[in-house]
Amino acid sequence: MNQLVDEAIRVLRANDRGRFTVPSEGLYPHQWLWDSAWIALGWRHLHEARAWQELESLFDAQWPDGMLPHILFREDSTSYFPGPAVWGTPTHPSRPPSSGITQPPVLATVLRRLYEESLDKARARTMAVRLLPRVLAFHRWLYRVRDPQGTGLVAIVHPWESGMDNSPAWDEALLRVPLPEDPDSRQVLDSLQEARRDLRHVDGSQRPTDQEYQRYIALVLHFRTFRYDGARVGREAPFQVVDAGFNALLHRANRDLLALLRAVTGGSRPVGDEGDEAQRSTGDHAEDSAANLHGAIREVEGWLARAEAAWPRLWNDELGLYTSLDRITGRPIPVPTAGGLLPLFAGLPDGERARRLVATIQAWGRHCRFLVPTTAPEHPSFDPLRYWRGPVWVVTNRLLWEAVRDYGHEEPARRIAHDTFALVQKEGFREYYHPETGVGLGGRGFSWSAALVLDWAVQTSR
Ligand code: GLC
């Protein structure tokens, strides 16, 4: 175990760029939204201030409307495709160039962990009061532009927003995306094969196909034509999916946001053990903002209530999990993926439904040596090599482990932990792993795999 922890620390240090961490040298040379959030959980065991910095640096690129982009381009723009020139997002002198779409909203969840578990309580309070209004702005943006009808569930407009980029759940909706015909767009699409940088780092059998990549870029080109007007993108995007995984993470984040708001405003249910000492040392400015945060409590309660009422629509009894919904056709997407298990992490299912979800995980475990494959192993779209179509990821395992354990299913939780640690011990901190052979796949020296295992190892050794 000590060796694993040392190796995790080595990976984090190697990928550290001062205020932020790259997911993996070469393959992902910039800053990614949900990677950085999870990475902060690793940093906090080494250097608490550095963990806060990792979170705060994400807001360097927050758009005026509240959007948090999924990539912050931090270095020379030719090292990654699609770079800023393809995205063509609005630029601003005080913001790093960025992509124009978002990623799973897990910041509030990480912020709550840092806040509750940090040793320096005064700093934790200052940082929470500073970051909470920005997290709120992000969630407000999500509801405003991605749920304009007020259904309680938000849509993603690009598979990359799900964080589970290549999931087979997106196939059908993605293939419907029209390829733009204007000359500029044609030129980008025609030169795609040479432009792709991912295939220089990872074998093509483990990455999306060219056909899929064409659609990914076509979507970007559509958003460019919409000039990244959030409301228009939300209304007119040719890909609109109510992703069960994204919405589950948003629900969990809203619960964590509510707990934090109550804690910093001295609301009725404080979390953590920050005492008067911490309160006194923060100064007037922080206290002023805390007062403003009070009003947000109702708003977050409203989001939670609306989502709870909407969730049952995503349950698929036949598959024994939640599935996503195509907002354009109005039809459910009956593809069983790990995203459909994540409502467990949000505490959404009741005890009986949680048992069904755990039984689904166990059934997958009878087909695969290593839990949790990202797509059901018996499903025709299952592919043990291609990312998010079967391989095991540390991030999904870490979330499902906690969720299954919290619902009281000790034995399956132990198996998820056991399998994850066996994989990283055997293969190191890879991007993902073959669910049958356990072979490490995708990028190497992967930051969130290292950070989450480090955090997990410390948590379970207490
Ligand atoms: C891949 C993953 C995405 C992650 C990114 C950086 O694109 O699908 O979830 O954020 O890599 O690690």
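Going along each chain's sequence as written, the residues are numbered from 1 onward. Owing to the predicted nature of the model, reporting of local features is limited to residues with pLDDT of at least 70; listing and counting of side-chain atom pairs is limited to 80 or more, with chain, interface and lining totals taken over all residues. Note that water and hydrogens are dropped before the side-chain values are worked out from all heavy atoms of the structure.

(A) Spatial organisation of the site of the ligand. Near residues are defined by distance, with any heavy atom within 4 Å of the molecule or strand qualifying the residue. Near the ligand there are 13 residues, and of these D35, Q103, G163, D165 and W388 occur at the shortest range. The side chain of Y28 places a nitrogen or oxygen atom 3.2 Å from an oxygen atom of the ligand. Only the protein chains shown count as cover for residues, and all accessible areas are computed by the Shrake-Rupley method using a 1.4 Å probe. Starting from 310 Å² of accessible surface for the ligand in isolation, the protein chains cover 98%. Every definition here rests on a 1 Å grid over the protein atoms only: cavities are sets of points where a 1.4 Å probe fits but cannot get out, pockets are open sets enclosed by protein on both sides within 12 Å along at least five of seven lines, and lining residues have some atom within 4 Å of a point. Whether a molecule lies in a cavity or pocket depends on its atoms, and more than half of them have to be within 2 Å of the grid points. Cavity membership is defined here by more than half of the atoms lying within 2 Å of grid points; on that basis the ligand lies in the largest cavity. Across the shell around the ligand, the residue classes tally to 8 nonpolar, 2 polar and 3 charged. Under this definition, polar contacts are N or O atom pairs within 3.5 Å; protein pairs additionally need one hydrogen-donor-capable and one acceptor-capable atom, and for neighbouring residues in sequence, both atoms have to be side-chain atoms. Throughout, the ten residues Ala, Val, Leu, Ile, Met, Phe, Trp, Tyr, Cys and Pro are labelled nonpolar, Asp, Glu, Lys and Arg are labelled charged, and all others, Gly among them, are labelled polar.

(B) Spatial organisation of the nonpolar core. To qualify as a nonpolar core, a set must consist of buried Ala, Val, Leu, Ile, Met, Phe, Trp, Tyr and Cys residues joined through side-chain atoms within 4.5 Å. Exposure categories follow from relative accessible area, calculated using a 1.4 Å probe and restricted to protein chains: below 20% of the type maximum is buried, above 50% is exposed, and the middle band is partly exposed. Within the largest apolar cluster, 157 residues are counted, with the highest numbers of intra-cluster contacts made by W38 and I217. With 13 residues, the top contributor of residues to this core is helix α6 (residues 121-146). Note on contacts: a residue pair qualifies if any of its non-hydrogen atoms lie within 4.5 Å across the two residues. Beyond its immediate chain neighbours, meaning those up to four positions away, I217 contacts F81, P82, V86, W160, V188, L189 and L192. The helix and strand labels rest on DSSP assignments: H or I over at least four residues marks a helix, E over at least two residues marks a strand, and numbering proceeds from the N terminus.

(C) Representation of the pattern of salt bridges in the model. Each reported salt bridge corresponds to a side-chain nitrogen of Lys or Arg within 4 Å of a carboxyl oxygen of Asp or Glu. Taken as a whole and judged by the stated rule, the model has 37 salt bridges. Notably, a salt bridge pairs R196 with D198, separated by 2.8 Å at the nearest N-O pair. Here D198 falls in the buried class, since its relative accessible area comes to 6%. One salt bridge in this structure joins D256 and R252, with 2.9 Å as the shortest N-O distance. Taken together, the residues span about one helical turn, with D256 and R252 both in helix α12 (residues 244-264) at a distance of 4 residues.

(D) How the structure looks around the sheet that holds strand β6 (residues 324-326). DSSP calls a pair of strands paired once it identifies at least 2 bridges connecting them. In space, the 3 strands of this open sheet follow the order β3-β6-β7, with antiparallel pairing throughout. Every interior strand has two partners, whereas the edge strands, β3 (241-242) and β7 (332-333), have only one. With 2 bridges joining them, β3 and β6 adopt antiparallel strand pairing. Across the sheet, residue V241 finds its bridge partner in β6, namely D326.

(E) Structural context of empty space enclosed by the protein. Grid points are joined across faces, edges and corners, and a volume is the space filled by probe spheres set on the points. All chains considered together, the criterion is met by 6 cavities of 30 Å³ or more. For the largest cavity, the lining is made up of 23 residues, of which Y28, W32, D165, Y387 and E431 are closest to its centre. Among the residues making up the lining of the largest cavity, the classes are represented as 15 nonpolar, 3 polar and 5 charged.

(F) View of the side chain of E56. Its location among the elements puts E56 in helix α3 (residues 48-57). Side chain to side chain, E56 and R130 meet in a polar contact 2.9 Å long. Apart from the residues within four sequence positions on either side, E56 is in contact with M127, R130, L131 and R134.

(G) Seen up close, the environment of V394. Mapped onto the fold, V394 is located in helix α17 (residues 394-406). By relative accessible area, which is 2% here, V394 ends up buried. When the C-alpha positions of V394 and S449 are compared, they lie 5.5 Å apart, and in sequence the two are 55 residues distant. Discounting residues that sit within four places of it in the chain, V394 has contacts with T420, V424, Y433, S449, L452 and V453.

(H) The side chain of Q240, seen in detail. Relative to the assigned elements, Q240 resides in the loop between α11 (230-236) and β3. Here the side chain of Q240 touches R235 through a polar contact of 3.1 Å, landing on its backbone oxygen. Setting aside anything within four residues of it in sequence, one finds Q240 in contact with I156, G234, R235, L325, D326, R327 and I328.

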